[in-house]
Amino acid sequence: MSKLPKKFIERVASNLKKYQRITLAQQKSDVAEADTVTLVKDILADVFGYDKYDELTSEHQIKATYCDLAIKIAGKLRLLVEVKSAGSSLADNHLRQVIDYGAHQGIHWMILTNAVEWRLVRIYVANQISHEEVCRIVLADMNPKNEDHLQCLFLYAKEGLTTDAMDAFHQQAQLFNKFTVSAIIRSEAVISVVRREIRKLFPDIKVGNENLSQLIENEVIKRDTIEGDKAKEAVTRMRKALNKLGRAKAKVTKVVVADVAS
């Protein structure tokens, strides 16, 4: 976890409780979307630290349509915010709209919110447009004295945006997830360890690495961690890491051999 700025912690401690109360009241009253946009702007300013007049732009036009809010830092567009009414539930079609906004503007990060729930989304534009939800919080559930909650809130804050906390969090999430763990469990090294433990505990059982590997893939691990692009990316990252370790080990061995020879 990164060390959080004192100014950010104090701002959240001073203002979060007030907006937790307001968001729940507006959700219950089912206020109009325009009123929710006003509330979101206040939260972005008072809790997350953006300058309401210099850094928050309403109704930002992207081609023939508009995004509710855009965040600019030093005049540069950094983040788009799509707002739905406080009483509504956020849905996939809302997310698709935000993704389309970001893809056309070349923005990689955006927020979808109804003031109560906040979703941070990473946009990818390659051969086709895709996305990944990186973080989701419910404002009323956040505790300013909880370190993990503060870390999540920091991702949405100006301090987090300007220090690329979003990207750092996303990179860590890419490495530590079910796909990476699945790839490691299915690796030859781990399969060999499991086989060795089985033979130690149950000497009468004869099992080979190939049979054990098939059992783990077909009956132990969930299919969604084995199939698809994210699963393939996890395997690729693991192999790169293993190759890197192998090169480092070979380099150390070469140095040791050279020292002995001299």
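Quick note: structure is the one above.
Owing to the predicted nature of the structure, the values given are computational and were not obtained by experimental measurement.

Further remarks concern the overall build of the protein chain. Along its length, the protein chain carries ten helices and six strands. Each of the 262 residues in the protein chain was classed as buried or not, and the buried ones make up 39%. At a minimum sequence separation of 6, the contacts of the protein chain that also span at least 24 residues come to 55%. Carbon and sulfur atoms provide 53% of the accessible area of the protein chain, an area that totals close to 15,700 Å².

Turning our eyes to something else, we now look at the packing of aromatic side chains. Counted under the stated rule, the structure contains four aromatic pairs. Measuring from centroid to centroid gives 5.2 Å for F8 and F154, while their planes differ by 75 degrees, and the two rings are edge-to-face. Of this pair, F8 sits in helix α1 (residues 6-29) while F154 sits in helix α4 (residues 147-156), placing them 146 residues apart in sequence. With a relative accessible area of 0%, F8 lands in the buried category. Members of the aromatic cluster, each reached through a chain of ring pairs, are F48, W118 and Y156.

This part covers the nonpolar core. Of all hydrophobic cores here, the largest spans 37 residues; its most connected members are F48 and W118. Looking at this core, the elements with two or more residues in it are α1, α2 (33-46), β2 (65-73), β3 (76-83), β4 (109-113), β5 (117-125), β6 (129-138) and α4. Once residues lying within four places of it in the same chain are set aside, the contact partners of W118 are V40, I43, L44, F48, I111, L112, T113, C135, R136, I137, L139 and Y156. Judged by nonpolar contacts, the second largest core, of 14 residues, contains L80, L95, I99 and Y101.

Moving on: the packing of helix α8 (residues 188-201) against helix α9 (residues 209-220). Relative orientation of the contacting elements α8 and α9 amounts to 105 degrees, with a least axis distance of 10 Å. In terms of their interaxial angle, α8 and α9 are classed as roughly perpendicular. Along the contact surface, α8 presents I191, S192, V194, R195 and I198, while α9 presents N209, L212, S213 and I216. Here the residues of the contact of α8 with α9 sort into five nonpolar, three polar and one charged.

In this section: the state of the cysteines. In the structure shown here, the tally under the stated rule is zero disulfides. The cysteine C135 is free of any disulfide, with C152 supplying the nearest cysteine sulfur at 4.3 Å. Of the residues examined, C135 reaches a relative accessible area of 7% and is grouped as buried. Among the residues examined, C152 registers a relative accessible area of 22% and is labelled partly exposed.

Among the residues of α4, L150, Q151, L153, F154, L155 and Y156 are the ones counted as buried. Looking at where α4 begins, the residue whose side-chain oxygen comes 2.9 Å from the main-chain nitrogen of D148 is N146.

Next up on the list: the packing of α1 against α4. Direction vectors running N to C along α1 and α4 enclose 100 degrees, while the axes themselves pass 11 Å from each other. On the basis of the axis angle, α1 is roughly perpendicular to α4. Judged by residue contacts, F8, I9, V12 and L16 of α1 engage L150, L153 and F154 from α4. Class assignment of the residues belonging to the contact of α1 with α4 gives a composition of seven nonpolar, no polar and no charged.

Counting buried positions along β5 yields seven of nine residues, so the element is predominantly enclosed. Relative to β5, β4 is paired through five bridges, and the arrangement is antiparallel. Considered in β5, the bridge of T113 is made with W118. Connecting β4 to the antiparallel partner β5 that follows it, the hairpin turn spans three residues, and A115 within it adopts a positive phi of roughly 80 degrees. Of the pairings in the sheet, the one linking β5 to β6 comprises nine bridges and is antiparallel in character. Considered in β6, the bridge of V125 is made with I129.

To continue, consider the pattern of salt bridges. Taken as a whole and assessed by the stated rule, the structure comprises nine salt bridges. A network of salt bridges, in which partner residues are shared, links E117, R119, E133 and R136.

Reading the values: the criteria
- Residues numbered from 1 in each chain as written.
- Predicted model: local features only at pLDDT ≥ 70, side-chain atom pairs only at ≥ 80, totals over all residues.
- Heavy atoms only, no water.
- Helix = DSSP H or I, 4+ residues; strand = E, 2+ residues; numbered from the N terminus.
- Buried < 20%, exposed > 50% of the residue type's maximum accessible area, 1.4 Å probe, protein only.
- Contact = heavy atoms within 4.5 Å.
- Areas by Shrake-Rupley, 256 points an atom, 1.4 Å probe, with all protein chains shown as cover.
- Phe/Tyr/Trp six-rings, centres within 6.5 Å; stacked < 30°, edge-to-face > 60°.
- Core = buried A, V, L, I, M, F, W, Y, C linked by side-chain atoms within 4.5 Å.
- Axes fitted to C-alpha atoms, helices over the stretch in contact; angles between N-to-C directions.
- Parallel < 35°, antiparallel > 145°, perpendicular 65-115°, else oblique.
- Nonpolar A, V, L, I, M, F, W, Y, C, P; charged D, E, K, R; others polar.
- Disulfide = S-S within 2.5 Å.
- Polar contact = N/O pair within 3.5 Å; in protein donor to acceptor, adjacent residues only side chain to side chain.
- Pairing = 2+ DSSP bridges.
- Salt bridge = Lys/Arg side-chain N within 4 Å of Asp/Glu carboxyl O.

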